[in-house]
Amino acid sequence: MKTTFTAVAKTSFVRRTALGVASLAFIGGAVAGPASHAFASPAGHTAPAMTTVAQETAVKPGMDKLVPHGTQGAQSQISLSKEQLANAKAITDTAKKLGMGERGAVIAVATSMQESKLENLGHLGDMNDHDSLGLFQQRPSSGWGTPAQITDPTYAATAFLSNLKQVDGWQDLPLTVAAQKVQVSAFPDAYAQWENQAAHIVQDVWTK
C-alpha cells in the first residue's frame, strides 16, 4: 500500500507527554511542548526507565549500513516490553514491504522512540498535544488519517515511511535530519539519541 501525505509535514508538531519529557531533559534543558509546560505521567502510563550511554565509536558487524553516519551525540536507551517490540517489528516489516531497507526501518523506529517510546498512544486528554495519536504522534486534523487509522501500527508506519520516501536523498541524510523532514519537530535534534538502540532493534527483528 502506498499512501501520500504531502501537506502533513508542515503542520505536524512533536507531542510533549511525560513519555517524552525525560528524553528531552538533557538537550538544553528543553522539556516543554507547545503549551509551554511539562506534564505528569497520565493514569495507566509509567514513563519507562531511560539511561544515557556514551557515544559508541566502534562499528559492530552489520551496523555500517544501519548507522552509516555513526551516532550523533550521546545515546539514550530504554527497556522495551513485548508490546513495544511488536510495534517495532510492525514498523520494520513496513519498511521492508515498501522497499526502504534496514536504514528506513532504523529512521522510523528511532522516530517512534522519540515520539511515543514505541507505545501506540491513544488520546491523553488535557495532556495531549492537540489531537496527536499513535506511534508517531500523527494528527488527524493535519491529514494523517482517521484516529482508527493512525492508531494502527502498520498504517502509521506506512504514513511516516511514505513521507520519508518522498524526501530527496533520505538514505544519505543523518537520521535526525531525515526524521525532521517528515515530523517538523520543535526539537529536531532529539531523534538522534535513539539511533543506536533503534539500529540494534532493527538488526534483531529484521529476519524474524
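Conventions adopted
- Residues numbered from 1 in each chain as written.
- Predicted model: local features only at pLDDT ≥ 70, side-chain atom pairs only at ≥ 80, totals over all residues.
- Heavy atoms only, no water.
- Helix = DSSP H or I, 4+ residues; strand = E, 2+ residues; numbered from the N terminus.
- Contact = heavy atoms within 4.5 Å.
- Areas by Shrake-Rupley, 256 points an atom, 1.4 Å probe, with all protein chains shown as cover.
- Buried < 20%, exposed > 50% of the residue type's maximum accessible area, 1.4 Å probe, protein only.
- Axes fitted to C-alpha atoms, helices over the stretch in contact; angles between N-to-C directions.
- Parallel < 35°, antiparallel > 145°, perpendicular 65-115°, else oblique.
- Left-handed = near helix turned anticlockwise from the far one by under 90°.
- Nonpolar A, V, L, I, M, F, W, Y, C, P; charged D, E, K, R; others polar.
- Core = buried A, V, L, I, M, F, W, Y, C linked by side-chain atoms within 4.5 Å.
- Expected span 1.5 Å × (residues − 1).
- Salt bridge = Lys/Arg side-chain N within 4 Å of Asp/Glu carboxyl O.

Draft legend 1. Structural detail: the overall build of the protein. Along the backbone of the protein there are 7 helices and 2 strands. Starting at the N terminus and ending at the C terminus, the protein contains elements arranged as α-β-β-α-α-α-α-α-α. In the protein, 69% of the contacts between residues at least 6 apart in sequence involve partners at least 24 apart. Per element, the accessible surface of the protein, about 9,000 Å² overall, is 56% carbon and sulfur.

Draft legend 2. Summary view of the side chain of Gln-197. Along the chain, Gln-197 falls in helix α7 (residues 195–205). Looking at Gln-197, the relative accessible area reads 10%, which means it is buried.

Draft legend 3. Main features of the packing of helix α2 (residues 82–97) against helix α5 (residues 153–165). The geometry of α2 relative to α5 is characterised by a closest axis approach of 9 Å and an angle of 50° between their N-to-C directions. The orientation of α2 with respect to α5, classified from their angle, is oblique. Here the hand of the crossing between α2 and α5 comes out right-handed. The segment α2 lies against α5, with Asn-87, Ala-90, Ile-91, Thr-94 and Ala-95 engaging Pro-153, Thr-154, Ala-157, Thr-158 and Leu-161. Classifying every residue of the contact of α2 with α5 gives 6 nonpolar, 4 polar and no charged.

Draft legend 4. View of the nonpolar core. Membership of the largest hydrophobic core comes to 43 residues, with the highest contact counts inside it found for Ile-91, Val-109, Met-113, Phe-136, Phe-160, Leu-161 and Leu-164. Going through the elements one at a time, α2, α3 (101–116), α5, α6 (175–183) and α7 are the ones with two or more residues in this core. For Phe-136, the contacting residues outside a window of four places in its chain are Ile-91, Ala-108, Thr-111, Ser-112, Glu-115, Ala-156, Ala-157, Phe-160 and Gln-183.

Draft legend 5. Structural view of the packing of α5 against α6. Two elements in contact, α5 and α6, have axes whose closest approach is 9 Å; the angle formed by their N-to-C orientations is 110°. Here α5 lies roughly perpendicular to α6, going by the angle between them. Seen from α5, the contacting residues are Phe-160, Asn-163 and Leu-164; seen from α6, they are Ala-178, Val-182 and Gln-183.

Draft legend 6. Region of interest: α7. Among the 11 residues of α7, 8 are classified as buried, and the element is accordingly described as predominantly covered. On its buried face, α7 is in contact with β2 (75–78), α2, α3 and α6.

Draft legend 7. Region of interest: α2. A rise of 1.5 Å per residue sets the reference length of α2, with its 16 residues, at 22 Å; its end C-alpha atoms lie 22 Å apart and thus fit the reference within 8%. Listing the buried residues of α2 in full gives Gln-84, Asn-87, Ala-88, Lys-89, Ala-90, Ile-91, Thr-92, Thr-94 and Ala-95. Backbone geometry just after α2 places Gly-99 at a positive phi near 70°.

Draft legend 8. Geometry of the pattern of salt bridges. Summed over all chains, the structure comprises 3 salt bridges. Ionic pairing is found between Lys-89 and Asp-93, a salt bridge with its closest N-O pair at 2.9 Å. With a gap of 4 residues between them, Lys-89 and Asp-93 both fall in helix α2, about one helical turn apart. Two residues, Glu-195 and Arg-103, come together in a salt bridge whose shortest N-O distance is 2.8 Å. Taken together, the positions of Glu-195 in helix α7 and Arg-103 in helix α3 put the pair 92 residues apart, joining distant regions of the chain.

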